[in-house]
Amino acid sequence: MASEKASFPVWLRRLSQTVFLLLFLYLFWITVYHAENATSGPVKFFFNLDPLVMVTLWLGGHAVATALLLSLATLAVTLVFGRWFCGWICPFGALHTLFTSMRGKRKAKDKVKSGSYSTWQKSKYYVLVGVLVGA
C-alpha cells in the first residue's frame, strides 16, 4: 500500500504546531529558570489568547484585563473557521495530534464511523463546568 502524501495545508498546519509548541516550551523554560518572568513579559502570550482565562477572571474578579481582550479575537476567528486554535496554535493540540498520529489512522477512523467514543471523553465538559463554577 502506497503512503499518502500530505497536502500543503497539512504541512503548513504541522509547521505552525511545531513553531507554537517550541515557543510554548521556550516560554515555559524561561519561566522556570527566570522567576521575574513568571508574571510578566512574553510568558503571558498564550494566556492572553485563551478565552477560558478571560471568562474565569471575569467571573472571579468581575473585571477583565485589557490584554485578555485579545481572546475575543480568538473567539471571533473560531466562530468563522472552527477549532483553529486547537489545530494551529495550542501546544496541547500539537501534542494531541502527534500522539494521535502515532496510534494509527485506521483505528481512529473506525471509531469516528462507529461513534464508539467512550464516556470518559465527556469528562472534559465536567472539568470545564468545574473550572467555571470554581471561578
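Shown above is the structure to which this text applies.
What this report covers is the structure whose coordinates are included nearby. None of the values given here were measured: they were computed from a predicted structure.

1. Focus: the nonpolar core
- By size, the foremost hydrophobic cluster in this structure holds 9 residues: Leu27, Ile30, Val43, Phe46, Leu49, Trp84, Phe85, Ile89 and Cys90.
- When residues of this core are traced back to their parent elements, those giving at least two are helix H1 (8–33), helix H2 (45–49) and helix H5 (84–89).
- Ranked by residues supplied to this core, first place goes to H5 with 3 residues.
- If sequence neighbours within four positions are ignored, Leu27 has contacts with Pro42, Val43, Phe45 and Phe46.

2. Observations regarding the packing of aromatic side chains
- Evaluation of the coordinates by the stated rule reveals 1 aromatic pair.
- Lying over the aromatic face of Trp11, Arg14 brings its terminal NZ or CZ to 4.7 Å of the ring centre.

3. Comments concerning the environment of Ser71
- You can see Ser71 is positioned in helix H4 (residues 70–81).
- With relative accessibility at 0%, the residue Ser71 sits in the buried group.
- For the pair Ser71 and Leu49, spaced 22 residues apart in the sequence, the C-alpha separation amounts to 4.3 Å.
- Not counting chain neighbours up to four residues away, the residues in contact with Ser71 comprise Asn48, Leu49, Asp50, Pro51 and Met54.

4. Focus: the packing of H1 against helix H6 (residues 91–103)
- Interhelical geometry of H1 versus H6 gives an angle of 125° and a closest axis separation of 8 Å. Between H1 and H6, the angle is such that the two are oblique. Crossing angle aside, the handedness with which H1 passes H6 is left-handed. Here Arg13, Gln17, Phe20, Leu21 and Phe24 of H1 lie close against H6, whose contacting residues are Pro91, Gly93, Ala94, Leu95 and Thr97.
- Counted by class, the contact of H1 with H6 contains 6 nonpolar, 3 polar and 1 charged residues.

5. Focus on helix H3 (residues 51–61)
- Within the span of H3, buried status applies to Pro51, Val53, Met54 and Thr56.
- Buried residues in H3 make contact with H2, H4 and helix H8 (123–134).

6. Details of the side chain of Gln17
- One can find Gln17 in helix H1.
- For Gln17, a relative accessible area of 6% corresponds to the buried category.
- In this structure the side chain of Gln17 is engaged in a polar contact, spanning 2.9 Å, whose partner is the backbone oxygen of Gly87.
- In contact with Gln17, other than residues within four places in its own chain, are Cys86, Gly87, Trp88, Gly93, Ala94 and Thr97.

7. Examining the environment of Leu98
- Looking at the element boundaries, Leu98 is found in helix H6.
- On the basis of relative accessible area, Leu98 is assigned to the partly exposed category, the value being 42%.
- Counting along the chain gives 84 residues from Leu98 to Arg14, while the straight-line C-alpha distance between them is 9.5 Å.

8. Focus: H1
- For H1, with 26 residues, the first-to-last C-alpha span of 37 Å sits near the 38 Å given by 1.5 Å per residue.
- All buried positions along H1 are accounted for by Ser16, Gln17, Leu21, Leu27 and Ile30.
- Residues of H1 that are buried make contact with H2, H5 and H6.

9. Quick word on the environment of Pro51
- Assignment of secondary structure puts Pro51 in helix H3.
- Taking relative accessible area as the criterion, Pro51 reaches 17% and is therefore assigned buried.
- Beyond its immediate sequence surroundings of up to four residues, Pro51 is in contact with Ser71, Thr74 and Leu75.

Analysis parameters
- Residues numbered from 1 in each chain as written.
- Predicted model: local features only at pLDDT ≥ 70, side-chain atom pairs only at ≥ 80, totals over all residues.
- Heavy atoms only, no water.
- Core = buried A, V, L, I, M, F, W, Y, C linked by side-chain atoms within 4.5 Å.
- Buried < 20%, exposed > 50% of the residue type's maximum accessible area, 1.4 Å probe, protein only.
- Helix = DSSP H or I, 4+ residues; strand = E, 2+ residues; numbered from the N terminus.
- Contact = heavy atoms within 4.5 Å.
- Phe/Tyr/Trp six-rings, centres within 6.5 Å; stacked < 30°, edge-to-face > 60°.
- Lys NZ or Arg CZ within 6 Å of the ring centre and 35° of its normal.
- Axes fitted to C-alpha atoms, helices over the stretch in contact; angles between N-to-C directions.
- Parallel < 35°, antiparallel > 145°, perpendicular 65-115°, else oblique.
- Left-handed = near helix turned anticlockwise from the far one by under 90°.
- Nonpolar A, V, L, I, M, F, W, Y, C, P; charged D, E, K, R; others polar.
- Polar contact = N/O pair within 3.5 Å; in protein donor to acceptor, adjacent residues only side chain to side chain.
- Expected span 1.5 Å × (residues − 1).

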